[in-house]
Amino acid sequence: QVQLVESGGGLVQAGGSLRLSCAASGRTFNSYTVGWFRQATGKEREFVASISRNGAGTYYADSAKGRFTISRDNARNSAFLQMNSLKVEDTAVYYCAAGRTVSIYSSAYGAYDYWGQGTQVTVSS
């Protein structure tokens, strides 16, 4: 069992940056692929980025490439999403997810086993 808690969301102007954190409970965090997803109001949840168990592999949605960076610190049971050059269309609730068997190349949210409660990111123009 893994419990995930996101933090770091907030209100930022377009062009600004935010760093989201995902704190995990349990001693097996390094056994899980970690993904970040987001869901805007009235839209389906969509994949943003993922990172492999040891942090060596990462994968990004086209919308995130070149602007967002996913990372993790297994010693601190934490994962991060650095978001730069934010756009109004990045406004959404951002979720951290963990999956024991999911490939980092899978963007399917159903493949992940555990989810956090989400953190709101609002980008103003």
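Predicted model only: the values in this text are computed from it and were never measured.

Oppositely charged side chains are able to pair whenever their charged atoms sit close together. If you walk through the whole model with that rule in mind, you get five salt bridges. Note that lysine 65 and aspartate 62 form a salt bridge whose closest N and O atoms lie 3.1 Å from each other. Exposure remark for aspartate 62: the relative accessible area of 64% places this residue in the exposed category. Here aspartate 73 makes a salt bridge to arginine 76, at a shortest N to O gap of 3.8 Å. Of the residues examined, arginine 76 reaches a relative accessible area of 55% and is grouped as exposed.

Residues other than glycine seldom take positive phi values, yet asparagine 77 does so here, at roughly 50°. With respect to the helices and strands, the residue asparagine 77 is situated in the loop between β7 (68-73) and β8 (78-83). The backbone of serine 85 shows a phi angle near 50°, a positive value even though the residue is not glycine. By the element assignment, serine 85 lies in the loop between β8 and β9 (92-99).

About the cut-offs
- Residues numbered from 1 in each chain as written.
- Predicted model: local features only at pLDDT ≥ 70, side-chain atom pairs only at ≥ 80, totals over all residues.
- Heavy atoms only, no water.
- Salt bridge = Lys/Arg side-chain N within 4 Å of Asp/Glu carboxyl O.
- Buried < 20%, exposed > 50% of the residue type's maximum accessible area, 1.4 Å probe, protein only.
- Helix = DSSP H or I, 4+ residues; strand = E, 2+ residues; numbered from the N terminus.

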